[in-house]
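# What the coordinates show
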Amino acid sequence: MEDKRSDCEAVNIDIVNMVKPNMPDMNLLYELSDFFKVMGDGTRIQLLWALEESEMCVGDLAVLLNMTKSAVSHQLKVLRGAKLVRARKKGKNVYYALDDYHVKSILEKALEHIGE
């Protein structure tokens, strides 16, 4: 990884020194960035919002969002990889739901922020 040094001196070194120890590890921040990239897709947000309302199977999600089952499955795979949704098999169908309450909370807080 390239070392990027600042080309300036701190104006308020006391503040810099106070904040620096509280900065998360850079790898953790990159993971957070990747998380928001996954959340930053309009189709995936629609899927997450639908799953906030109810557990649903691929076919029902496809009808709800006017998408193909293949497209829905692809996006659900991405969401599962990011640990935003979980799957449960019931008979021939797989039902998807938000992984946990954190995902719901993030969606609700983001919508609240947008609505301000």
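Refer to the structure above for everything that follows.
Analysis parameters
Residues numbered from 1 in each chain as written. Predicted model: local features only at pLDDT ≥ 70, side-chain atom pairs only at ≥ 80, totals over all residues. Heavy atoms only, no water. Helix = DSSP H or I, 4+ residues; strand = E, 2+ residues; numbered from the N terminus. Buried < 20%, exposed > 50% of the residue type's maximum accessible area, 1.4 Å probe, protein only. Pairing = 2+ DSSP bridges. 1 Å grid on protein atoms, 1.4 Å probe; cavity = no way out; pocket = protein on both sides within 12 Å on 5 of 7 lines; lining within 4 Å. Points joined across faces, edges and corners; volume = space filled by probe spheres on them. Nonpolar A, V, L, I, M, F, W, Y, C, P; charged D, E, K, R; others polar. Axes fitted to C-alpha atoms, helices over the stretch in contact; angles between N-to-C directions. Left-handed = near helix turned anticlockwise from the far one by under 90°. Contact = heavy atoms within 4.5 Å. Core = buried A, V, L, I, M, F, W, Y, C linked by side-chain atoms within 4.5 Å.

## Quick word on unusual backbone geometry
Despite not being glycine, Asn 66 shows a phi value in the positive range, around 55°. Inspection of the secondary structure assignment puts Asn 66 in the loop between helix H4 (58-65) and helix H5 (69-81). Since its relative accessible area comes to 73%, Asn 66 is described here as exposed. For Lys 83, which is not glycine, the phi dihedral falls at a positive 60°. Relative to the assigned elements, Lys 83 resides in the loop between H5 and strand E2 (85-90).

## Some thoughts on the pairing of E2
In the sheet, E2 pairs with strand E3 (residues 93-98) via six bridges, with the strands oriented antiparallel. Within E3, the residue paired with Lys 89 across the bridge is Val 94. Taken together, E2 and the strand that follows it, E3, pair antiparallel across an intervening segment of two residues, in which Gly 91 is found at a positive phi of about 65°.

## A few points about the layout of surface pockets
Its volume calculated, the largest pocket comes out at about 320 Å³. Around the largest pocket, the lining residues are Ile 13, Val 16, Asn 17, Lys 20, Met 23, Pro 24, Met 26 and Leu 29. For the lining of the largest pocket, the secondary-structure elements that each account for two or more residues are helix H1 (13-19) and helix H2 (26-39). The element best represented in the lining of the largest pocket is H1, accounting for three residues. Partitioning the lining of the largest pocket into residue classes produces six nonpolar, one polar and one charged. Reported here for the second largest pocket is a volume of approximately 170 Å³. Lining the second largest pocket we find Phe 36, Met 39, Ile 45, Trp 49, Ile 106, Leu 107, Ala 110, Leu 111 and Ile 114.

## Some words on the packing of helix H3 (residues 42-53) against H4
At a minimum axis separation of 11 Å, H3 and H4 run at an interaxial angle of 115°. In this structure, H3 crosses over H4, and the sense of that crossing is right-handed. Facing H3, whose interface residues are Gln 46, Leu 47, Ala 50 and Leu 51, H4 presents Leu 61, Leu 64 and Leu 65. For the contact of H3 with H4, a count of residues per class yields six nonpolar, one polar and no charged.

## Comments concerning the nonpolar core
With 20 residues, the main nonpolar core has Leu 48, Leu 51, Leu 61, Leu 76 and Leu 79 as its most contacted residues. In this view, Leu 51 contacts Met 56, Leu 61, Leu 76, Val 85, Tyr 96, Ala 97 and Leu 98; residues no more than four positions away in its chain are not counted.

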